[in-house]
Amino acid sequence: MRDRCRAAARWGMLARMIVLFTDFGLHGPYTGQMKAVLHQSAPGIPIIDLFADAPAGNPKASAYLLAAYDDWFQAGSVFVCVVDPGVGGPRPPIIVEADGRWYVGPGNGLFELVQRRAGDKQSWDIDWKPERLSASFHGRDLFAPVAGMLARGEPPPGRPRTEGAERRPDWPDDLGEIIYIDHYGNAMTGIRAAHLAPGTRLAVAGRVLQPARTFGDLPPGGAFWYENSNGLAEIAVNQGRADRGLGLSIGSPVGFLS
């Protein structure tokens, strides 16, 4: 079944969608410009806004976030991923196929966890060049058009890649840091909750937090950690903001105690 799904995804037999994962923020023209290119290059294919506020300029934290959320999308989906502080520099533009999903973006570690956790993967260097390539906006000028090609069912416009500097074997399988803070102030870690023993306590910002199932298990103002809806250990305060109440930010270290 997996082989048939992969073949179908590669040759455009599955329903396709394009998924945006960027650190552009919710203001300004950048997401809109990328969508304009995607609509032109892959008309009629739906575009899903997954994250516009991935950790800014932080491919490492973003890699764990991407790997926690991509499983919601079926084989054949094309992810356009732009967390690219080295844009215009020596980092390579790449395509990754992992378990039938496609990923287009910078080779700066952003796809490390996706590749590591995939059962079947391969990658390509992007050889295609647009007529105009801004030094600072490869998302619009390079990655979006290439994603459109893949979404139309075309083969990757490049040559197979051997693993190189874009891989990060030193990054842990689970990251003991805050990788994302949501609209409510809840702080996601890069730790998969299933990898923690029952009753494990998390140590963060000078506090030791007990696990709970959900917010209402604690009184208002109570701080705790729980397994969020995407399987990550997340730190929260019932009817409050964990980021402000505990002094958390992206990169805050998180330890655990049995």
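A quick note: this is a predicted structure, and the numbers were derived from the prediction, not measured.

Thresholds applied
Residues numbered from 1 in each chain as written. Predicted model: local features only at pLDDT ≥ 70, side-chain atom pairs only at ≥ 80, totals over all residues. Heavy atoms only, no water. Pairing = 2+ DSSP bridges. Helix = DSSP H or I, 4+ residues; strand = E, 2+ residues; numbered from the N terminus. Axes fitted to C-alpha atoms, helices over the stretch in contact; angles between N-to-C directions. Contact = heavy atoms within 4.5 Å. Buried < 20%, exposed > 50% of the residue type's maximum accessible area, 1.4 Å probe, protein only. 1 Å grid on protein atoms, 1.4 Å probe; cavity = no way out; pocket = protein on both sides within 12 Å on 5 of 7 lines; lining within 4 Å. Points joined across faces, edges and corners; volume = space filled by probe spheres on them. Nonpolar A, V, L, I, M, F, W, Y, C, P; charged D, E, K, R; others polar. Core = buried A, V, L, I, M, F, W, Y, C linked by side-chain atoms within 4.5 Å. Expected span 1.5 Å × (residues − 1). Bend = angle between axes of the 7 residues up to and from the residue. Salt bridge = Lys/Arg side-chain N within 4 Å of Asp/Glu carboxyl O.

Visitor: I keep staring at the sheet that holds strand β14 (residues 254–257) and nothing clicks. Help me out?
Guide: What links the strands of a sheet is backbone hydrogen bonding, and the strands pair in either a parallel or an antiparallel sense. The three strands are arranged β11-β10-β14 in an open sheet whose pairing can be described as antiparallel. Two strands close off the open sheet at either side, each with one partner strand: β11 (207–209) and β14. Adjacent strand axes in the sheet meet at a mean angle of 30 degrees, parallel and antiparallel pairs treated alike. Here strand β10 (residues 201–204) runs beside β14; their pairing, made up of four bridges, is antiparallel. Bridged to L202 within β14 is F256.

Visitor: Can you walk me through the side chain of D125 in this structure?
Guide: By secondary structure assignment, the location of D125 is in strand β6 (residues 121–126). In contact with D125, not counting residues within four places along its chain, are P92, P93, I94, P157, G158, R159 and R161.

Visitor: Would you explain helix α3 (residues 59–69) in this entry?
Guide: Think of an α-helix as 3.6 residues a turn; residues three or four steps apart then line up on the same face. Burial analysis of α3 places ten of its eleven residues in the buried class, the great majority of the element. Within the sequence span of α3, burial applies to P59, A61, S62, A63, Y64, L65, L66, A67, A68 and Y69.

Visitor: Explain the layout of surface pockets here, please?
Guide: Rolled over the atoms, a probe with the dimensions of a water molecule shows which regions are left empty. The calculated volume of the largest pocket comes to roughly 320 Å³. Residue assignment for the lining of the largest pocket shows that the elements contributing at least two residues are α3, β5 (101–106), α4 (112–117) and β9 (187–192). Volume-wise, the second largest pocket comes out at about 150 Å³. Around the second largest pocket sit D23, F24, Y30, V82, D84, P85, V87, S136, F137, H138 and G139, which together line it. Of the residues belonging to the lining of the second largest pocket, the class tally is six nonpolar, three polar and two charged.

Visitor: How do you make sense of the environment of V96 when you look at a structure like this?
Guide: By the secondary structure assignment, V96 is in strand β4 (residues 93–98). On the basis of relative accessibility, which here comes to 0%, the residue V96 falls in the buried class. Expressed as a C-alpha distance, the spacing of V96 and V114, which sit 18 residues apart in the sequence, is 9.1 Å. Setting aside residues no more than four positions away along its own chain, V96 makes contact with R101, W102, Y103, F111, Q115, Q122 and S123.

Visitor: Honestly, the nonpolar core in this entry has me stumped. Any pointers?
Guide: Buried together is how nonpolar side chains tend to be arranged in soluble globular proteins. If you look at the biggest cluster of nonpolar residues, it comprises 31 residues, and the most contacted ones within it are F21, L65, L66, C81, Y103, F111 and I179. The set of elements that each furnish at least two residues to this core consists of β1 (18–22), α3, β3 (78–82), β4, α4 and β8 (175–181). No other element matches the eight residues that α3 contributes to this core. Grouped together as the second largest cluster of nonpolar side chains are 25 residues, L20, I45, I95 and A151 included.

Visitor: Looking at this model, I keep getting lost on the environment of A193. Mind explaining?
Guide: Turning to its location among the elements, A193 is positioned in the loop between β9 and β10. On the accessibility criterion, A193 (8% relative accessible area) is buried. Considering only alpha carbons, one finds A193 and A205, twelve residues apart in sequence, at a separation of 19 Å. Dropping the residues within four chain positions of it, A193 is found in contact with W225, E227, G231, L232 and A233.

Visitor: What is the right way to look at the pairing of β5 in this model?
Guide: Both faces of the sheet carry side chains from a regular strand, because those side chains alternate between them. With six of six residues buried, β5 is to be regarded as a mostly interior element. Counted between consecutive antiparallel strands, the loop separating β4 from β5 contains two residues, among which D99 sits at a positive phi close to 50 degrees.

Visitor: In this structure, what is going on with helix α5 (residues 138–151)? I would like to understand it.
Guide: Its 14 residues give α5 an end-to-end C-alpha distance of 18 Å, which sits within 8% of 20 Å, the value for a rise of 1.5 Å per residue. By the largest-angle criterion, A144 marks the main kink of α5, which is about 30 degrees, and a proline, P145, follows within four residues. Burial within α5 is extensive, with 14 of its 14 residues counted as buried. Downstream of α5 by a residue or two, G153 has a phi angle that is positive, lying close to 95 degrees.

Visitor: Could you clarify how one ought to interpret the pattern of salt bridges in this entry?
Guide: A side chain of one charge can pair with a side chain of the opposite charge when the charged atoms of the two come close. Tallying each qualifying case throughout the model produces 15 salt bridges. Among the salt bridges present, the one from K35 reaches D49, with a minimum N-O distance of 2.6 Å. Note that K35 is positioned in helix α2 (residues 30–41) and D49 in strand β2 (residues 47–51), a separation of 14 residues in sequence. Taking the relative accessible area as the measure of exposure, K35 reaches 23% and is therefore partly exposed. For D49, a relative accessible area of 45% translates into the label partly exposed. Close ionic contact of D71 with R101 constitutes a salt bridge, the shortest N to O distance being 3.0 Å. Here the residue D71 occupies a position in the loop between α3 and β3, and R101 occupies one in strand β5, the gap between them amounting to 30 residues. Since its relative accessible area comes to 11%, R101 is described here as buried.

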